[in-house]
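Survey of secondary and tertiary structure
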Amino acid sequence: MLLKTLAASAPCLMRWMTDDAACHIMVQKIIINMNKKIITACMTAAGAAAAAGLPFRIDETFYRIAAPEIKHQTRICVLSDLHSSTFGKNQKHIVERVHRARPDLIVMPGDIIDDKKDSGPAFELVSELGDYPLFYVEGNHERRMTDDVRIRQKQKLKDLGVHVLEDNSVIIETSGIEIAGLHSMHHQPDCTPDRASQLFSSRWFRILLSHRPWYPEFYSKVDCDLIISGHAHGGQWRIPFINQGIYAPQEGLFPKFAQGLIDLGPNSILISRGLNRRKYFIPRLYNNPEICYIDIIKN
Ligand SMILES: [Fe+2]
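Just so we're clear, the structure is a prediction, and the values are computed from it rather than from any experiment.

A few points about the sheet that holds strand E5 (residues 163-164)
Reading across the sheet, the 6 strands line up as E1-E18-E2-E3-E4-E5 and stay open at both edges, with mixed pairing between neighbours. At either end of the open sheet lies a strand with only one pairing partner, and these are strand E1 (59-67) and E5. Looking at chain direction, strand E2 (residues 74-78) and strand E3 (residues 105-108) are connected through 3 bridges and run parallel. Residue pairing across strands places Ile76 opposite Leu105, the latter belonging to E3. Relative to strand E18 (residues 290-298), helix H3 (residues 92-101) is tilted by about 15°, and along the sheet it contacts E1, E2 and E18.

Spelled out as structure tokens, the structure:
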């Protein structure tokens, strides 16, 4: 199209170079027209690229960690940051995937309920998965609710059989795992690594559930084997092909601690991209909702 326009305007361009006034006006019109076409083409391409990046499925990501402390291989499913989103009738799109993966237990590292939305879908998911051992800690969105609402929500979860961890731990003797839950901290850690280490009481494989991932120094000093977090939503928008998130709270642009299994030296942190569909009105781009599974295998 561009070449055709240029070819058609070639005679006029020649006259324009000889200072013909009428041709000056015509060339200006051609340039304005071409600019409009280029802008329209760019906007169409940007719109198409954004539409192609909208979530179209739930990703399932599998990880593996070897541990001498474990009694036998255990599969842990991570459901994070649901933010009361709905995935089909009775949350069937999540539930069917979890059943297929057959985890031994499920952990929920926060923001399952959103303070600004109806909590129904979150409780629907929990009751559909009631046959699995479920472990939960609060995220910042649950912390934002008033105290009486929070107490009611947590009681409801406990009534559904969920282990609500609030600075305490549960030992799973059959697997050789201890899971502790740390309260949802603010922009900085508000307890010491020693205090967090004291949540554990055994030498089994130690897992710490803690909503925010952005305390790598703090976490590396906690006496545990694995930290499981969410919160960053993978950076909300991700750059395709290089698999990099754009922005995460606290960490800022191009965050490192927004997804994946990251070695911190003495221990590791697994960060789920979470299940929320959008953040307020901002959709996820090139960043499908995610369920993580981590197999702890005996070595
Ligand atoms: Fe969060």
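Alright, that's what it looks like, and here's the rest.
Looking at the nonpolar core
Of all hydrophobic cores here, the largest spans 57 residues; its most connected members are Val78, Val107, Tyr136, Ile207, Leu208 and Leu209. Those residues in contact with Leu208, other than ones at most four positions away along the chain, are Ala180, Leu182, Ala196, Val222, Cys224 and Ile227.

Examining the sheet that holds strand E6 (residues 168-172)
If you walk across this open sheet you meet the 6 strands as E6-E7-E8-E9-E15-E14, and the pairing is mixed. Edge positions in the sheet fall to E6 and strand E14 (260-263), since each has one partner strand and no second. Sheet twist, expressed as the mean angle between neighbouring strand axes with direction ignored, is 20°. Of the pairings in the sheet, the one linking E6 to strand E7 (residues 177-181) comprises 5 bridges and is antiparallel in character. Residue pairing across strands places Val170 opposite Ile179, the latter belonging to E7.

Basis of the calculations
- Residues numbered from 1 in each chain as written.
- Predicted model: local features only at pLDDT ≥ 70, side-chain atom pairs only at ≥ 80, totals over all residues.
- Pairing = 2+ DSSP bridges.
- Helix = DSSP H or I, 4+ residues; strand = E, 2+ residues; numbered from the N terminus.
- Contact = placed C-beta atoms within 7 Å.
- Axes fitted to C-alpha atoms, helices over the stretch in contact; angles between N-to-C directions.
- Core = buried A, V, L, I, M, F, W, Y, C linked by C-beta atoms within 7 Å.
- Buried ≥ 20, exposed ≤ 12 C-beta atoms within 10 Å, placed from the backbone.

Treat this as a map of the structure, not an account of what it does.
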